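Chain and residue survey
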Amino acid sequence: MEKFTTLTGIAAPLPAANIDTDKIIPARFLKTIKRTGLGVHLFDALRYLPDGRENPDFVLNKEPYRQARILIAYENFGCGSSREHAPWALLDFGIRAVIAPSFGDIFYNNCLKNGLLPVRLPKPRCEQLITDAQLGANARLTVDLERQVVISANGEAIPFEIDPFHKHMLLNGLDDIGLTLQHADKIARYEQMKQAEKPWLPPLHT
Amino acid sequence: MAENRPRTLYEKIWDDHVVERLPDGTCILYIDRHLVHEVTSPQAFEGLRLAGRKVRRPDATIAVADHNLPTTDRRGGITEEDSRIQVETLEQNVREFGIPYFPVLDVRQGIVHIVGPEQGISLPGMTIVCGDSHTSTHGAMGALAFGIGTSEVEHVLATQTLLQTPAKNMKVEVVGRLPIGVRAKDMILAIIGRIGTAGGTGYVIEYAGEAIRALDMAGRMTVCNMSIEAGARAGLIAPDETTFAYVKSRPFAPQGDDFERAVAYWRTLPSDPGAVYDKVVTLRAEEIAPMVTWGTNPEAVVPVTGSVPDPAAAEDAAVRAQMQRMLDYMGLKPGQRITEIPIDVVFIGSCTNSRIEDLRDAAQIARGRRVAEGVRALVVPGSGLVKKQAEEEGLDRIFREAGFEWREPGCSMCLGMNPDKLTPGQRCASTSNRNFEGRQGPGGRTHLVSPAMAAAAAIAGRFVDVREYL
Ligand code: SF4
């Protein structure tokens, strides 16, 4: 996983609640067996007109937001399907952080596994950042994971919470499978213990 | 000691699966069953391959393809190239890593969340995961079952565990009895309407109360299936005699004396008296009517006897704007009666409502009637075994004679990923779980309903209170 330390970039406003993963990347683009190349389909239904041309009204089709590195939205961002294609599409487009009052659970986890930082801030803060971001040229934010602050365009430092485990993994770009495998002996011991406790549990063989 | 204080069902399953608690409180949680499908697994297997890792417990893992399959005759293979590659990739991966698999033409093939309980793969007290948000379905068995992303799929394949922190625990209690003609689907839609699409965020929901106890396993699965639509990580229901009777003699369940020993253990799982929940929500079953969603998330739901709400009545400007956007997308007007909304397509299927009980419910309405002129109606059984049983009971004939299409098992029109799709502007009465914009195909308009309500809508050509057809 790519490290996340500090990010400064254009923030794009998406002032809507319940932006689901079907909206972030519709199912028909999930037929890939790769993680890359999904950026062109990010927000497909919003970003393109029925004839395939760009929708000039959609924020990511406008300057300076084409270069956005950060998204700001409202409640329950990334709700719905477990598709990791959603964070993959965001990353492929260039987004490394999403700020919202709350996130869909699985999406939140999926972001953390991919070095994309989901930042929870209270709704009024998100509203304020969205207003700032709508000013375009001044839409630059800094997200500092080490200090756990978002620094707004006017220099105000807004603190956010993240659990220490994920912070550590992100700051160091760690692979959590490697970390878990350090406990392989404990997993084996657990398996033996449960095998003894629940000998009736059959293995799966077709 | 954790064991001495009263614990909830969720806490008991959690405690039983903690391999190790790391210093910061993150737990290594053991996973008993890992279900795999073709869409969310290719990158995970690729990751294993790149790191030179193996699947730790192929005998606790099972794979089936469902999302990409056409629901017409599949003996000639899949014509759509990307879909075919995804299914072939799954087939290569299960061979390479030695994972049990139900091939496309196997009668046991079906939607992964139908197949798990049907085969006895999903059992009470287990931790069950799948790279799919509707894994919550298996919570109906009294298991802790939740959806994960592809990185976590890889983590489970490699380690048979996940890194997790405990969720909060909510009890949703449905007291009293459901009125006649009101089904599990209406109940869960009413629950989501009450707590909202984000109401369950951060929680595992335990469904309890007389109305839940009275549900058969199919109904319980419908309820747990849509937990994710309330934002919850998982939904579960305490195992009881209904559960044990369902599990008994399933192919992968413990058999004979082993079954009795398993039941003895499963009986220890229900929440202890006095166990504490972080939140309790209570609904009265008698107050629930057949429900229909009008918007583009499942909390935008009203009884069939109601009307499309008016955004002007909302106090919050953002809510007003969102409601207006939903109405625009759905092509509806404030105040329009639900029973005045005409439909183009009916989809009876998906992991929410494609079990034999669901098909019987729909067939009861379809029997001796005709699908309205101009309406296309599909019935898609959840698995090959559901299809076979339905045919043995003659349900396929009832549907066909009424003008419904009778199709092969799969996810079908639940999501726009296989040939079953809505075209832009088409309006669908669907027994699936998501009415998001474009979910059933770009520009498609989805109204979520129960199987009986969907069948009634097919006959009437518009939404209708199914109780008029009973
Ligand atoms: S039927 Fe629908 S919700 Fe269920 S697994 Fe398939 S696509 Fe997902």
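Time to look at the interface of chain A and chain B. Opposite the 56 residues of chain A that make contact, chain B presents 77 residues. Contact between chain A and chain B buries roughly 5,600 Å² in total, counting both sides, with carbon and sulfur atoms accounting for 59%. It is K31, W200 and L204 of chain A that lose the most area in chain A upon contact with chain B, and together they represent 16% of the buried surface on that side. Viewed at the interface, chain B and chain A are joined by ten salt bridges. For the pair chain A and chain B, the interface holds 29 residue pairs in polar contact (both at pLDDT 80 or more). Counting only elements with at least two residues in the side of chain A that touches chain B, the list comes to α1 (21-24), α3 (85-93), α4 (105-112), α6 (164-172), α7 (176-181) and α8 (184-197) of chain A. For the side of chain A that touches chain B, the leading source of residues is α8 of chain A, giving eight residues. Taken together, the residues that form the side of chain A that touches chain B break down as 23 nonpolar, 15 polar and 18 charged.

Scanning the model with the defined rule gives 15 aromatic pairs over all chains in all. Residues F77 of chain A and F107 of chain A carry aromatic rings whose centres are separated by 5.5 Å and whose planes lie at 65° to one another, so their mutual orientation is edge-to-face. Of this pair, F77 of chain A sits in the loop between β2 (70-73) and α3 while F107 of chain A sits in helix α4; the two residues are 30 residues apart in sequence, bridging distant segments of the chain. The burial state of F77 of chain A is the same as that of F107 of chain A; both residues are buried. Aromatic side chains Y10 of chain B and W14 of chain B sit 6.1 Å apart centroid to centroid with 50° between the ring planes, which places their arrangement in the tilted category. With Y10 of chain B and W14 of chain B both in helix α1 (residues 9-17), this residue pair falls four residues apart, about one helical turn. Grouping residues by exposure puts Y10 of chain B and W14 of chain B together as buried. An aromatic cluster is built from W200 of chain A together with F244, F259, Y265 and W266 of chain B, whose rings are joined through pairwise contacts. Over the ring of Y108 of chain A we find R120 of chain A, and its NZ or CZ is 4.0 Å from the ring centre. Between the NZ or CZ atom of K123 of chain A and the centre of the ring of Y74 of chain A, over which it lies, the distance is 4.8 Å.

Scoring rules and cut-offs
Residues numbered from 1 in each chain as written. Chains lettered and ligands numbered in written order. Predicted model: local features only at pLDDT ≥ 70, side-chain atom pairs only at ≥ 80, totals over all residues. Heavy atoms only, no water. Contact = heavy atoms within 4.5 Å. Buried area = accessible area lost by both parts, 1.4 Å probe. Salt bridge = Lys/Arg side-chain N within 4 Å of Asp/Glu carboxyl O. Polar contact = N/O pair within 3.5 Å; in protein donor to acceptor, adjacent residues only side chain to side chain. Helix = DSSP H or I, 4+ residues; strand = E, 2+ residues; numbered from the N terminus. Nonpolar A, V, L, I, M, F, W, Y, C, P; charged D, E, K, R; others polar. Phe/Tyr/Trp six-rings, centres within 6.5 Å; stacked < 30°, edge-to-face > 60°. Buried < 20%, exposed > 50% of the residue type's maximum accessible area, 1.4 Å probe, protein only. Lys NZ or Arg CZ within 6 Å of the ring centre and 35° of its normal.

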